[in-house]
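Here are the chains, one letter per residue:
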Amino acid sequence: MLLSLNPSCPSFKAPIFRKTEQSVVQQLSTCTELPLSASAMTDVQSEAEPLVEKVMPGWMEEIEETLVLSQQESEESALADACRISSDEESIDEESAAMTVPCSPQTSDEWWVFRLKSATQDLGGDFAQLKTLQPVLLGSSCSGACSEAAAFTALGIPFQLCGVADVNKDFRQIIEANYKPSHSWSLMQDQISCQACLKHADSMACEMASCLDVWVSGTPCPPFSEQRPRRFNVGSVEAHPLYSVTFESAIDAVKQGHKAYIFEQVKGFGKPYDMSTSETPLERFLGKIDHLGLTGGIQNRAKYWHITTRPSMNTWMNIKRERT
Ligand SMILES: [Zn+2]
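Keep in mind the model is a prediction, meaning the values are calculated, not measured.

Caption draft 1: Quick peek at the nonpolar core. Among the nonpolar cores identified, the biggest contains 47 residues, and Leu-138, Ala-149 and Val-214 are the most heavily contacted of them. The residues touching Ala-149, leaving out its near neighbours within four places in the chain, are Leu-138, Phe-159, Leu-161 and Tyr-179. Grouped together as the second largest cluster of nonpolar side chains are six residues, Phe-224, Val-237, Val-266 and Phe-269 included.

Caption draft 2: Up close: the packing of helix H11 (residues 243-255) against helix H12 (residues 281-294). Interhelical geometry of H11 versus H12 gives an angle of 35 degrees and a closest axis separation of 11 Å. The element H11 and its partner H12 pack so that their crossing is right-handed. Between H11 and H12, the residues in contact are Thr-246, Phe-247, Ile-251, Val-254 and Lys-255 and Phe-285, Lys-288, Ile-289 and Leu-292, respectively. Each residue belonging to the contact of H11 with H12 can be placed in one class, and the counts come to six nonpolar, one polar and two charged.

Caption draft 3: Up close: helix H8 (residues 169-179). For H8, the set of buried residues is Asp-170, Phe-171, Arg-172, Ile-174, Ile-175, Asn-178 and Tyr-179. Elements that come into contact with the buried residues of H8 comprise helix H7 (147-155), strand S3 (159-165) and strand S4 (184-185). Lys-180 occupies a position one or two residues after H8 and carries a positive phi of about 45 degrees.

Caption draft 4: How the structure looks around the pairing of strand S6 (residues 260-263). Side chains of S6 alternate between two faces, with Ala-260 and Ile-262 and Tyr-261 and Phe-263 buried alike. Looking at chain direction, strand S5 (residues 214-217) and S6 are connected through three bridges and run parallel. For Trp-215, the partnering residue across the bridge sits in S6 and is Tyr-261.

Caption draft 5: Structural detail: the confidence of the model for the chain. Looking at the chain as a whole, its pLDDT mean stands at 79, while 68% of the residues score no less than 70. In the predicted structure, residues 9-46 sits below a pLDDT of 50 and forms 72 contacts with residues beyond four places in sequence or in another chain.

Criteria and cut-off values
- Residues numbered from 1 in each chain as written.
- Predicted model: local features only at pLDDT ≥ 70, side-chain atom pairs only at ≥ 80, totals over all residues.
- Core = buried A, V, L, I, M, F, W, Y, C linked by C-beta atoms within 7 Å.
- Buried ≥ 20, exposed ≤ 12 C-beta atoms within 10 Å, placed from the backbone.
- Contact = placed C-beta atoms within 7 Å.
- Axes fitted to C-alpha atoms, helices over the stretch in contact; angles between N-to-C directions.
- Helix = DSSP H or I, 4+ residues; strand = E, 2+ residues; numbered from the N terminus.
- Left-handed = near helix turned anticlockwise from the far one by under 90°.
- Nonpolar A, V, L, I, M, F, W, Y, C, P; charged D, E, K, R; others polar.
- Pairing = 2+ DSSP bridges.
- pLDDT = per-residue confidence, 0-100.

See below:
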């Protein structure tokens, strides 16, 4: 994970949270209970009861139990369908989209909320003050379930979700159901270039904010992941079709000069491009931002401090393969 801070912004307050991994994000889709629609059962019961009691005395209790079990099964099936998230962008049609269930409130101390609060409890006054200031202006790209918004909510930090971008329609629906972003795009590049978003298709343009407090992005990891076959072959990383999302789109986002950026990537981002060099994608990425800062290539001639952290996923869950 990489945090880039623009020190020239006088009102800057460092965001003190991290974008959690997708596996954690998926925990956020825990669904609330669907309202039980007992009216149908009551109608059946009221009409059937006199006849059943007359013909088969004592059976009413059995019928009631069967009806209750049937109702529960039906509700659970509907709930399971509503919770199901497919990686296929076009997998949800309009009918099933209407059944999207919002995430559970992030006010309870679910396991990840408890750990999040534990990890931040010693951060002191500046962190506590975040809860009393104006809402943090938050932007998000490659948003997934927008775990950054969930983290802000869980920590009680007010925020305004100025815009999100994710190619997966299912994920955008989850975000919309829970956080109501001001703007929502499919492509990060459209978000950066202020194209009309999916919520305002008739607009000439959509802009998140002239100066976000923090822009969080988890650009695609496949180009850099050590789990990908031939990852260390010469030219393999740069030739990957998703490489440009990090090295063009994310760089373009930085050129806009917002207060701070958080980039989440896999461990392989810090490993050499290939066997012939020691240069890593992380080094090249930071080098590009530094070069832009030194040459005035960032809005308002901003420059950034960089903080790189390698938190272990084992902090959050037991996982066999090392994740950072
Ligand atoms: Zn918009």
